[in-house]
Amino acid sequence: DSNDDINQIINNIAKQKEIESIRIYNKRGQIKFSSKISEVDQITSIKDEACYVCHRTKPPPDKLSLKERTRIFNSSDGYRQLGIIYPILNEPDCASRCHIHSKEEKILGALDLVVSLAEKDKEIMLFIKLIIGTGILVFIILSSIITIVVIRFINLPIKQMTAATDRIADGDFFTPINVRQNDEMGRLAASINKMGANIGEKQIELNKQKDQYQTLFELVPCLITVQDKKYKLLSYNRKFADMFDPKPDDHCYYAYKGLNKKCDDCPVERTFKDGKQHHGEQTGINKDGTISHWIVKTAGITDSSGKIVSAMEMSIDITPRKKLEQELKKSEANYYAIFNNMPCPVFVLDMKTLKIVDCNEMVKAVYGYSRKEIIQTSYLNLFYNREKKDLGKIIIRSSFINKIRHINKAGKIIFVNIRISPSEYSGLKVLLIAASDITKRLETEQQLIQAGKLATLGEMATGVAHELNQPLSVMKTASSFFIKKINNHEEIDNKILFTMLEKIDVNVDRASKIINHMRQFARKSEPGLEKVDVNKVIEKTLEIFSRQLKARGIELVLEIEKNLPKINADPARLEQVFLNLIINARDAIEENILLNKDVITEKKIILKTQSTAENVICSICDTGTGVSEEIIDKVFEPFFTTKEVGKGTGIGLSISYGIVKEFGGTIKVEPNINPEINHGACFIITFPILR
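Notes on the structure in this doc start here. One numbering rule holds for all chains: residues counted from 1, following each sequence as written. Totals for whole chains, interfaces and linings use every residue, but because this is a predicted model, local features are given only for residues with pLDDT of at least 70 and side-chain atom pairs only at 80 or more, for both listing and counting. To obtain the side-chain values, all non-hydrogen atoms of the structure were included, while hydrogens and water were left out.

What about the pairing of strand 8 (residues 278-285)?
Classification of residues uses two cut-offs on accessible area relative to the type maximum, computed with a 1.4 Å probe and protein chains only: under 20% is buried, over 50% is exposed, and between them is partly exposed. Note on conventions: DSSP H or I runs of at least 4 residues are helices, E runs of at least 2 residues are strands, and numbering of each starts at the N terminus. Side chains His278, Gly280, Gln282 and Gly284 of strand 8 all project onto a buried face; the interleaved residues His279, Glu281, Thr283 and Ile285 project onto a face where none is buried. Two strands pair when backbone bridges link them, and strand 8 and strand 9 (residues 291-302) are joined in this way by 8 bridges, in the antiparallel orientation. Among the inter-strand pairings, Glu281 is bridged to a residue of strand 9, identified as Ile295. At least two DSSP bridges between two strands are needed for those strands to be called paired.

Quick look at the structure:
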């Protein structure tokens, strides 16, 4: 009912500069109002842009967003237009007033407003152009600034660093880059400076090492050459040059040996074939014409791809060693000849097992075993059974074993002295044992000792006769008494008879004891040692001889230490030593009396025993003629004597010396050490205490 008002409003609004048209459509698409009168009552196509916004779906939506109600399209003149459609809702007061529309209808029509965007587009274009221009200007300014910055802070430092790296590549490691920036470029320049300095230091060290290696290569005391595949010398050290005087382009076989072709057995050739190390021994001629021997070792030299391009040959001159080997072979032959021809058996024993590793030819002569029979058998098999106990340990820790019993192949016992020395034999720790057969010597010694005993028995004869006369006199008296009583037919009182028979019995025992002592002393004794009390041996020695001394007016003084430690000895042979020394003392005293008839001289023999922590010491001192300095070193020599012919054999002291030595003791002669006697001699015997 307000059509005129609506038309006036539309026309008034349409007069605005940018408004192109205002239309009001009903639901059927008919233009009911328009700023253009010619369009009123026209019906538009549903697919027209203004209508199609809502009629794209069925039923058309009653609500659309602003974006869905807005459209932009081009006018016939080519500029853009903005169309906005707005729905006209069926308000409650509309239906109650005009009763034209029912209440159920929601949309009555649409208001379509078209606005020209020509001015806005011009403004936008102008703004865009302004923005683009501003952007170009900003870009130019920024580009200029960036260019300046890049040139100043990047390009120039990079050029300096590039120049520095070129200098480093050329070997100038210590010229610094003059870039003083507190940024990445500055830190990079500092790193390059540090890198150059480090590389320079390493290069200096490397050059030193190179010089050292070159010096070593030149001065190493062996021959070094580098050869190509045609065996041409590429490089060599000074030792090689001095020894063989090679010429440029020489081949190794010509330089080494003067040959015109390679050696038949060439380690360099084998290295080129399989790339492995090889070695061998060669002989060549020096430039002075002498023959040389050397050991060769070769190794391949590869390129970056691992291909062998040359070979290094290192040779060690072994000419002196070869000469020594030849001399050694001769020496070994000589020593082996000496070893086999030594006059005593020599054994080589494995130190751990004591098995015989080797022996000389004299083993067969002494023991009866051939070398083949005795090799790899135990050396202990040669020992007499009674002497095998703990013998292995004794052999290992001893250097000499005296008078040991061995058994030869025939089962005969032989006496040997063995000397033991540790050594090495073919890389094995061994014992060298030299055995001396002393069987015949011992037999001779025993005969000599026995002869000495018989001579001593002769000296003892007077004393023995006196010793036997006394019991014989007692028995003679008793027997005469019994004969007289019987002849007179007189009875013998039982008490007297018992007393007389008891006397006879005691004196028979005494005579028997003297005879047994003489028999035991005269008997040949087997060599053997036992625990011996020296005091008891002296006591037994004096049983017979003390009376003889008393008969000759010689005083015997005993200074015996009680509970004397025992020694290792043979009591019968030790008694012979004491007898020999006492007889010598007696003879020296009697000789002194003959030489000094007008002088009253003391006749005395002092026999003394004592002990220390380690030894038992026996001394026999006399008041005889003494021993002069001229003969003091000769008194123990065999057959040396100062007595008249027929009064001494010169073997007594020699035998005594040997016996004492065999017991591990020592014997020496000194001037009389007794302060009461200023002349005569003292024989001092020292024995080790038995542990």
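Quick notes on the sheet that holds strand 3 (residues 70-74)
With respect to topology, 5 strands assemble into an open sheet ordered 2-1-5-4-3, the strand pairing being antiparallel. Strands at the two margins of the open sheet, each flanked by one partner only, are strand 2 (31-34) and strand 3. Here the strands of the sheet are splayed against their neighbours by 25° on average, with no regard to which way each runs. Two elements, strand 1 (residues 19-26) and strand 2, share 3 bridges in a ladder whose sense is antiparallel. Bridging from a neighbouring strand, Tyr25 pairs with Ile31 of strand 2. In this description, contact between two residues means that some pair of their heavy atoms is separated by no more than 4.5 Å. The axes used here are C-alpha line fits, helices contributing only the stretch in contact, and every angle between their N-to-C directions lies in the interval 0 to 180 degrees. Across the sheet, helix 1 (residues 3-14) touches strand 1 and strand 2, and the angle it forms with strand 1 is around 155°.

Topic: the pattern of salt bridges
Between side chains of opposite charge, pairing is possible as soon as their charged atoms come close. A pair is scored as a salt bridge if a Lys or Arg side-chain nitrogen falls within 4 Å of a carboxyl oxygen belonging to Asp or Glu. All told, the structure shown has 21 salt bridges when counted by the stated rule. As a salt-bridge pair, Arg23 and Asp112 come within 3.8 Å of each other at their nearest N and O atoms. Here the residue Arg23 occupies a position in strand 1, and Asp112 occupies one in strand 5 (residues 107-116), the gap between them amounting to 89 residues. Here Asp112 falls in the buried class, since its relative accessible area comes to 0%. The salt bridge partner of Glu373 is Lys409, with a shortest N-O separation of 2.9 Å.

Quick look at helix 8 (residues 267-274)
For helix 8, the set of buried residues is Pro267, Val268, Glu269, Thr271 and Phe272. In this structure, the buried side of helix 8 is in contact with strand 6 (223-227), strand 8, strand 9 and strand 10 (308-317). Directly after helix 8, the chain includes Gly275, whose backbone phi takes a positive value near 75°.

A short note on empty space enclosed by the protein
Over the atoms, a rolling probe the size of a water molecule traces out where space has been left empty. Only protein atoms enter the calculation, which uses a 1 Å grid: trapped sets of points that fit a 1.4 Å probe without letting it out are cavities, open sets showing protein on both sides within 12 Å along at least five of seven lines are pockets, and any residue with an atom within 4 Å of a point is a lining residue. Grid points are joined across faces, edges and corners, and a volume is the space filled by probe spheres set on the points. Under the definition given, this model contains 1 cavity of 30 Å³ or more. Taken as a whole, the largest cavity spans an internal volume of roughly 100 Å³. Lining the largest cavity, in full, are Cys252, Tyr253, Tyr256, Lys257, Cys263, Asp265, Cys266, Pro267, Gln282, Trp294, Val296 and Glu313. Within the residue set of the lining of the largest cavity, elements represented by two or more residues are helix 7 (252-257) and strand 9.

Structural notes on the packing of aromatic side chains
Each aromatic ring pair is specified by the distance between its two centres and by the angle formed by the two planes. For Phe, Tyr and Trp, where Trp contributes only its six-membered ring, two rings pair if their centres lie within 6.5 Å, and the inter-plane angle classes them as stacked under 30 degrees, edge-to-face over 60, or tilted in between. According to the stated counting rule, one finds 4 aromatic pairs in the structure shown. The interplanar angle of 75° and the centroid separation of 5.6 Å between the aromatic rings of Phe347 and Tyr367 together place this pair among those described as edge-to-face. With Phe347 in strand 11 (residues 346-350) and Tyr367 in helix 10 (residues 362-367), the pair connects residues that are 20 residues apart, well separated along the chain. A relative accessible area of 0% means that Phe347 is categorised as buried. Linked through ring pairs, Phe347, Tyr367, Tyr379 and Phe383 together constitute an aromatic cluster.

Section: the nonpolar core
Buried residues of nine kinds, namely Ala, Val, Leu, Ile, Met, Phe, Trp, Tyr and Cys, make up a nonpolar core once their side-chain atoms join them within 4.5 Å. Ranked by internal contacts, the top residues of the largest apolar core, which has 39 residues, are Val534, Ile567, Leu574, Phe578, Leu581 and Ile685. Counting only elements with at least two residues in this core, the list comes to helix 15 (534-551), strand 18 (567-569), helix 16 (571-595), strand 19 (604-611), strand 20 (615-622), helix 17 (652-662), strand 21 (666-671) and strand 22 (681-688). Broken down by element, the residue count for this core peaks at 9 residues, all from helix 16. Those residues in contact with Leu581, other than ones at most four positions away along the chain, are Ile620, Leu653, Ile667, Phe683 and Ile685. Counting 23 residues, the second-largest nonpolar core is a separate cluster that includes Val366, Leu391, Ile404 and Ile418.

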